[in-house]
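# Breakdown of the fold
Listed here are the chains, written in short residue letters.
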Amino acid sequence: MADNSKITPEEALSYHIDPVPGKYEIVATKPMTTQRDLSLAYSPGVAVPVQAIADTPEAAYDYTTKGNMVAVISNGTAILGMGNLGALASKPVMEGKSVLFKRFADVNAVDIELDTEDPEEIIKAVRLMGPTFGGVNLEDIKAPECFIIEQRLKEEMDIPVFHDDQHGTAVICAAGLINALHISGKKIEDCKIVLNGAGAAGIACLELIKAMGAQHDNCIACDSKGVIYQGRTEGMNQWKSAHAAKTEARTLEEAMMGADVFLGVSVKGAVTPEMVKSMADNPVIFAMANPDPEITPEEAHAVRRDAIVATGRSDYPNQVNNVLGFPYLFRGALDIHARAINDEMKIACAEALAELAREDVPDEVAMAYGKKLSFGRDYIIPTPFDPRLIYTIPPAVARAGMDTGVARRPIVDMEGYQHNLKARMDPTASVLSGIAARAKAAQARMIFAEGDDERVLRAAVSYQRAGYGKAMVVGREQEVREKLEQAGLGDAVRELEVVNAANTRHLEAYRSFLYQRLQRKGFDAHDINRLAQRDRHVFSALMLAHGHGDALVTGATRKSAHVLELINHVFDARAQDGAVGVTALLHKGRIVFIADTLVHEWPEEEDLANIAECAAAVARSLGIEPRVAFLSFSTFGYPVSERATKMHLAPHVLDRRGVDFEYEGEMTVDVALNPAAMAKYPFCRLTGPANVLVVPARHSASISVKLMQEMAGATVIGPILAGVDKPIQICSTVSTVNDILNMALLAACEVG
């Protein structure tokens, strides 16, 4: 998952320590509130499943977490590109791998770091833990020990054992190769293939493509000592010897002459433009060294416009990214209670990925990446955030496992299985990643109004260093510098653009503009000068109004109502102007938008209809098809109440307008969100639970949001200010650095 964005040590450490150390926690899936709950969970109730498993071991998949639990195991001898730093140092990486399992395939994973370099000790330890897990993911174990450990564990365990450094890379590489050869009109059995880097990943790539039809005599492997040829003795082992070629070539340069395919898992700069120039027509170049490829796409295309190039980097097209493989391989394997992950399952995964890349790319993926993607030389591998992966790849893996006899419990209803997989997809994650991708595409000049606040400054630095665009901070230069130094970000002051009334040449234009707007609203020239020169919220809004920035984020240091009042000196952001505040609540895989949380104090039915339209547009802008519910304490006329009348009338206003989204009301919140409660009203026009909730007044909206945030731990994005001419977002005073950054990204999305 490489990315070229700059990440500072301070940011990385802050991410891992706040709000609590580490990247995941254990959450109970059963109620634990009463004495009876405890009796069922432990003694005496637990004795019943214990006996059931003792009688029938397969029952462990029914009564425990075994069937959805993977062990992520390392000894830290080959951590990323950092080398042998030991078991304890590998823990952040293994925790990261564990949360990727959960994020992309809803697989529970636990990291286990083994403090030994003895393969026999590792083999014994992992084998003894077998009853706990449904699968084992080995990670960052150096070669050749990783080959020995994986092979022995495969032989001695009856659950899947998968070394991702080898096979994860191989599977994605194979998927890309299928499509690259499809585009170039070549067959794998006819291709001359050169591999550079004969470590764990390289050998796994070669073994898999040979299993897919590549001919042994057409494949030449190279390492740091040159070509691995028949008869070579220096630096050899049994795994390299298996791929020794009968060839006169002795160097990578010689091997590359006339080659159709280059696979690189070696080092930066290993491939020269001259080598690329010597390759066959339509050469396929997978330069997968991280963080820097063997040759960059720009360098390759400078000498060969017909080259199809992939790398391990996210800032280039065709990223060979392991996260496209391992979560879905394990998802499919676990769901058939597989005894192993075999070559047929890996090939099925690769073929399914290749086929998915050839299909039409859905709008939500295009929206997330800020561009239309279509199969071709720059799109041969699906993107990691494609929502179709979860219900496309595991079924292919499961079918291959069933066909090859490694499934303990075959899937009978494959269509039902696919529907269940779709339900596992967490829409909140795709929404947030989509916002980030669109913001990066927009490259907005973001005005951060409150440069005297450390949280705002840290968010501005993150915005700038993550490559989203230019961060412009309103504040005094000396104060900004001091606060950045206190935050351990002293070097960032050179990257940010610090703006204030003293260093801008536009102050007179700002004053004139503001005087024209406010001279008949009780403001004299002295008031205007004070506002333009001394109030950072007004100054920031003036910058935005004059095009001296593309978007604005503010509100972290002052109450939102007061900030909105100041912004209204420059923009028309009042209820009568069509402005609306919409807050997104993200909780347990669900997204609900609540409106109006910022502007309308006590809206009437026409206002409520306006709010619904604006909130529906916000939902759609984030890739969510809106289903609007007008909330009250009554449902469809009962109990009768004067206070519920406007919520009853608002849907009729939308009826007259003929809007193109689902809406219904009035109704209580349980009817709106709970399918069972909604089913009691068969005439309800909503086709599923509501995701846009229009509430009677701003105070009820505020109470609802804060209650969900404090009691349920919901993630809050907003209030999102919509219906204003320019992109402006207002944070709350309790916003974290990440909250402020999210609001900046939302504002940036409006620029794009």
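Rules behind the numbers
Counting starts from 1 at the beginning of each chain's written sequence and moves along it residue by residue. Residue-level local features of this predicted model are given only where pLDDT is at least 70; pairs of side-chain atoms are given and counted only at 80 or more, and the full residue set underlies all totals for whole chains, interfaces and linings. With hydrogens and water excluded, all non-hydrogen atoms of the structure serve as input to the side-chain values. In this analysis, rings of Phe, Tyr and Trp, with Trp reduced to its six-membered ring, are considered paired at centre separations within 6.5 Å, and the interplanar angle assigns stacked below 30 degrees, edge-to-face beyond 60, and tilted for intermediate values. Numbered from the N terminus, helices here are DSSP runs of H or I no shorter than four residues, and strands are runs of E no shorter than two. Here's how the labels work: a residue is buried when its accessible area is under 20% of the maximum for its type, exposed when over 50%, partly exposed in between, all with a 1.4 Å probe on protein chains only. UniProt positions are given in the numbering used here, feature names are shortened, and annotations may be inferred rather than shown by experiment. The contact definition used throughout considers only heavy atoms, calling two residues in contact when any of these lie within 4.5 Å. Only when DSSP finds a minimum of two bridges between them are two strands counted as paired. Working convention: axes come from line fits to C-alpha atoms, limited for helices to the stretch in contact. Angles between N-to-C directions cover 0 to 180 degrees.

## Points about the packing of aromatic side chains
One pass over the structure, following the stated rule, counts 12 aromatic pairs. When the centroid spacing of 5.4 Å and the interplanar angle of 80° are considered together, the rings of F101 and F330 count as edge-to-face. Here the residue F101 occupies a position in helix α5 (residues 91-105), and F330 occupies one in helix α14 (residues 326-335), the gap between them amounting to 229 residues. Exposure class is identical for F101 and F330. Each is buried. Ring geometry for F661 against Y663: centres 6.1 Å apart, planes inclined by 70°, an arrangement best described as edge-to-face. With a relative accessible area of 9%, F661 lands in the buried category.

## Some remarks on the UniProt feature "domain: Malic enzyme N-terminal" (unreviewed entry) in the protein chain
When the UniProt feature table is mapped onto this chain numbering, "domain: Malic enzyme N-terminal" (unreviewed entry) sits at residues 21-154. Between the first and last C-alpha atoms of residues 21-154 the distance is 34 Å; the span itself is 41% helix and 12% strand.

## Examining the side chain of E139
Here E139 lies in the loop between β3 (135-138) and α7 (145-156). A relative accessible area of 7% means that E139 is categorised as buried. E139 has contacts with I73, S74, M94, K97, H163, D164 and D165, leaving out every residue within four places of it along the chain.

## Some points on the sheet that holds strand β10 (residues 308-311)
In sheet architecture, strand pairing relies on hydrogen bonds along the backbone and comes in two forms, parallel and antiparallel. Taking strand neighbours across the sheet as the criterion, the six strands line up as β7-β6-β5-β8-β9-β10 in an open arrangement whose pairing is mixed. In this open sheet, the two edge strands, each paired with only one partner strand, are β7 (226-227) and β10. Sheet analysis places strand β5 (residues 193-196) next to strand β6 (residues 219-223), joined by four bridges and oriented parallel. Its bridge partner lying in β6, L195 is registered against A221. Contacting β8 (261-264), β9 (284-287) and β10, helix α8 (residues 164-184) crosses the sheet at an angle of about 160° to β9. Sitting on the sheet, helix α9 (residues 200-211) touches β5, β6 and β8, and the angle it makes with β5 is about 160°.

## Here we look at unusual backbone geometry
Following A143, the chain continues into P144 via a peptide bond in cis, with omega recorded as 5°. For P144, the location among the structural elements is in the loop between β3 and α7. Despite not being glycine, Q443 has its phi angle at roughly 50°, a positive value. Within the element layout of this structure, Q443 appears in the loop between α19 (427-442) and β11 (446-448). Residue classification places Q443 among the partly exposed positions, given a relative accessible area of 42%. Phi angles above zero are rare outside glycine, and F636 is one such case at about 50°.

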